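For reference, the chains in residue letters:
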Amino acid sequence: MAVSDWKKSVVYQIYPKSFNDTTGNGQGDINGIIEKLDYLKTLGVDYLWLTPVYRSPMNDNGYDISDYYEINPDFGTKEDFKRLLDEAHARGLKIMSDIVINHTSTDHHWFVESRQSKDNPYRDYYIWKDGIGDNPPTNWGSKFGGNAWQKDEVTGQYYLRLFDVTQADLNWENDKLRREIYDMINYWIDFGMDGFRFDVINLISKGEYKNSEAIGKEFYTDGPRVHDFLHELNRNTFGDRDGFMTVGEMSSTTLEHCIAYTKPERQELSSVFNFHHLKVDYKDGEKWSEMPYDFIELKNIFFKWQIGIQAGGGWNAIFWCNHDQPRVVSRFGNDATEENRVKSAKMLAIALHFLQGTPYIYQGEEIGMTNLYFEDMKQYRDIESLNAYQIMKERGISEEQALRILQHKSRDNSRSPVQWDDSENAGFTTGTPWIETAKNYQTVNVRQALADKNSIFYTYQRLIELRHELDIMTYGKVLPLLEKHPELFAYERQLDDQTVIVIANFSDKVIYVPEDIAIDGDVLINNYETYNRALQPYQAVAIRK
Ligand SMILES: O=P(O)(O)OC[C@H]1O[C@H](O[C@H]2O[C@H](CO)[C@@H](O)[C@H](O)[C@H]2O)[C@H](O)[C@@H](O)[C@@H]1O
């Protein structure tokens, strides 16, 4: 793909632990990814984003790195990784690696040194503070529960950990630490990477350490030096590499900051993930709650970001799910019957893929994998879900309700093995999978999807082809339609004298498209055989006028 065309790329996210196991140990591995490259080539994606495969104790499945230069032996060796790059490149596929530099594992040798004494040369690589009396330095809350400061008995000081106690936040104010990070990133660029995804990168600049009215986000989200740090990172690493694609995961961010992160002349990042559209089923902002999603709010957020980023000259990533989110068909679609599962999964794909930005497809999304609906806490593996269960119990939420909330919100919903076929363990492993496979693998699997020309897989394949073929999907202006309509998600794209209109029915009923919307033209894609003003349940159609 030509340099200027990186914006036309589609990315496929791989969660290696659950992708494909070639050793029989119940966990996916790098060789398992190599085995499936031809499948991904058939789907048509351009980049593969691998969540972290570096050495790690795996308390947070790799987002707790203990050695940035080594591959976790559970996933394979550096030679395997090199072979993956070579095999991918031979097929025209590019690899984006996940870099976690807001924090490291407490097993990382920097932290092991850092905790030894207050004057250890690595002390200042992390954020250490004295407590106030018997209390932590501030009242900030960890995103995984509890106070964000952890007391360390060796020196009696507290270290900051915005996530798990085994994920200590790095001190980006330290010049030496930043230099070490840039060296490490350059090492992986030289190794052959084509891009990076930077984990919670907008949290790296901490501001003042003061008590908060809430959980402290305002002091470290999009913090005071974050843009300087990202510009410096860009200049010292990937910045001058043509076509090198980067995406920053931006936690609880703002549109203004995301424009600044991605405006090319600022030399920070290529694109950003924001998560506001995935919080429309959080009651009063609380994830561990029950609430039907707010459809109007979902549309408002999409359109605010589509129009805002375009006007500001930035670039979005567009996505429905990832390894931290429930399965989209279970969340915004309908997995109650097979017909509705298929129809709504296709509808969701069409509604998203015509928006502006880089589309991300999360493993299994292309075959309509669903939530797991675990009935017992013993089935859960995710550290956030296990902590959340305890917190919900402490808040007085009943066992039954806590389990129901996890069925809809747990990150484990997206972490079950990819369903390759209808054999035992869905063809993922010959051993015992580290987490259970969804019960529906005998009907929902890749082999079945490839054999059925009407499957969800082929809708995704066609959408990717269309993005490569039609400039309007990448560059066209976005114009929202029917913003207050309670069931229809509709918009136009415009480029020069061309117009494409996309209309998606998010309901299980027939819904009439209002007369003032012209719907004549050439069908680019439709998840039913025909269309007219009476859109069928979960029908979605894109028309070129
Ligand atoms: O929900 P937000 O505040 O907008 O944040 C976005 C996500 O941030 C975190 O995810 C990432 O970092 C974690 C620690 O490294 C890691 O566990 C996760 O897998 C990463 O993707 C947070 O954990 C997610 O729940 C948020 O969606």
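Because the structure is predicted, anything quoted here is derived from the model rather than measured.

## A few points about the sheet that holds strand 8 (residues 149-151)
Phase 1: Strand order in this open sheet of three strands is 7-9-8, and the pairing throughout is antiparallel. The sheet is open, and its two edges are formed by strand 7 (128-129) and strand 8, each paired on a single side.
Phase 2: One ladder, built from three bridges, connects strand 8 with strand 9 (residues 158-160); its direction is antiparallel. In the strand pairing of strand 9, Trp-149 is matched with Leu-160.

## Considerations on the site of the ligand
Phase 1: Taken together, 21 residues lie near the ligand, and Asp-60, Asp-199, Ser-251, His-323 and Asp-324 sit nearest.
Phase 2: Taking Arg-411, its side chain carries an N or O atom lying 3.0 Å from an oxygen atom of the ligand.
Phase 3: In the complex, the protein chains occlude 93% of the 560 Å² of accessible area that the ligand would expose alone.
Phase 4: Partitioned by chemical class, the residues of the shell around the ligand number five nonpolar, six polar and ten charged.
Phase 5: Counting contributing residues per domain, the shell around the ligand is built from domain 1 (6-104 + 175-379 + 414-464) and domain 2 (105-169), each supplying no fewer than three.

## Some details on the pattern of salt bridges
Phase 1: Taken as a whole, this structure holds 35 salt bridges when the rule is applied.
Phase 2: Ionic pairing is found between Glu-290 and Arg-404, a salt bridge with its closest N-O pair at 2.7 Å. Linking Glu-290 in the loop between strand 13 (271-273) and helix 9 (295-312) with Arg-404 in helix 13 (residues 399-409), this pair joins segments that are 114 residues apart in sequence.
Phase 3: Overall, Glu-290 belongs to the partly exposed group, its relative accessible area being 31%.
Phase 4: Among the residues examined, Arg-404 registers a relative accessible area of 33% and is labelled partly exposed.
Phase 5: Two residues, Arg-462 and Glu-469, come together in a salt bridge whose shortest N-O distance is 3.7 Å.
Phase 6: The exposure class of Arg-462 is partly exposed, given its relative accessible area of 29%.
Phase 7: In the salt-bridge network here, residues are joined through shared partners; they are Asp-60, Lys-287, Asp-324, Asp-382, Glu-384, Arg-411 and Arg-415.

## Some details on the sheet that holds strand 17 (residues 488-495)
Phase 1: Taking strand neighbours across the sheet as the criterion, the five strands line up as 16-17-18-22-20 in an open arrangement whose pairing is antiparallel. Two strands lie at the open edges of the sheet, namely strand 16 (477-481) and strand 20 (522-526), each paired on one side alone. Neighbour-to-neighbour, the strand axes of the sheet open up by a mean angle of 20°, direction not taken into account.
Phase 2: By the bridge criterion, four bridges tie strand 20 to strand 22 (residues 540-544) in an arrangement that is antiparallel.

## Section: the packing of helix 3 (residues 78-90) against helix 5 (residues 175-191)
Phase 1: Orientation of helix 3 relative to helix 5, taken along the N-to-C sense of each, is 55°, at an axis distance of 11 Å. Relative to helix 5, the element helix 3 lies oblique. On helix 5, the residues touching Lys-78, Phe-81, Lys-82 and Leu-85 of helix 3 are Tyr-187, Trp-188 and Phe-191.
Phase 2: Residues belonging to the contact of helix 3 with helix 5 are distributed by class as follows: five nonpolar, no polar and two charged.

## So, unusual backbone geometry
Phase 1: The phi dihedral of Asp-222 is positive, around 50°, even though this residue is not glycine.
Phase 2: Tracing the chain through its elements places Asp-222 in the loop between helix 6 (217-220) and helix 7 (226-236).
Phase 3: One non-glycine residue, Ala-426, lies in the positive phi region at around 60°.
Phase 4: For Ala-426, the position within the fold is in the loop between helix 13 and helix 14 (446-451).
Phase 5: According to the relative accessible area criterion, Ala-426 is buried, its value standing at 0%.

## Focus on the domain arrangement of the protein
Phase 1: Partitioning the protein into domains gives domain 1 (6-104 + 175-379 + 414-464), domain 2 (105-169), domain 3 (380-409) and domain 4 (476-544).
Phase 2: The straight-line distance from the C-alpha centre of domain 2 to that of domain 4 is 52 Å.

Parameters at a glance
Residues numbered from 1 in each chain as written. Predicted model: local features only at pLDDT ≥ 70, side-chain atom pairs only at ≥ 80, totals over all residues. Heavy atoms only, no water. Pairing = 2+ DSSP bridges. Helix = DSSP H or I, 4+ residues; strand = E, 2+ residues; numbered from the N terminus. Near = heavy atom within 4 Å. Polar contact = N/O pair within 3.5 Å; in protein donor to acceptor, adjacent residues only side chain to side chain. Areas by Shrake-Rupley, 256 points an atom, 1.4 Å probe, with all protein chains shown as cover. Nonpolar A, V, L, I, M, F, W, Y, C, P; charged D, E, K, R; others polar. Domains from an automatic or database assignment. Salt bridge = Lys/Arg side-chain N within 4 Å of Asp/Glu carboxyl O. Buried < 20%, exposed > 50% of the residue type's maximum accessible area, 1.4 Å probe, protein only. Axes fitted to C-alpha atoms, helices over the stretch in contact; angles between N-to-C directions. Parallel < 35°, antiparallel > 145°, perpendicular 65-115°, else oblique. Contact = heavy atoms within 4.5 Å.

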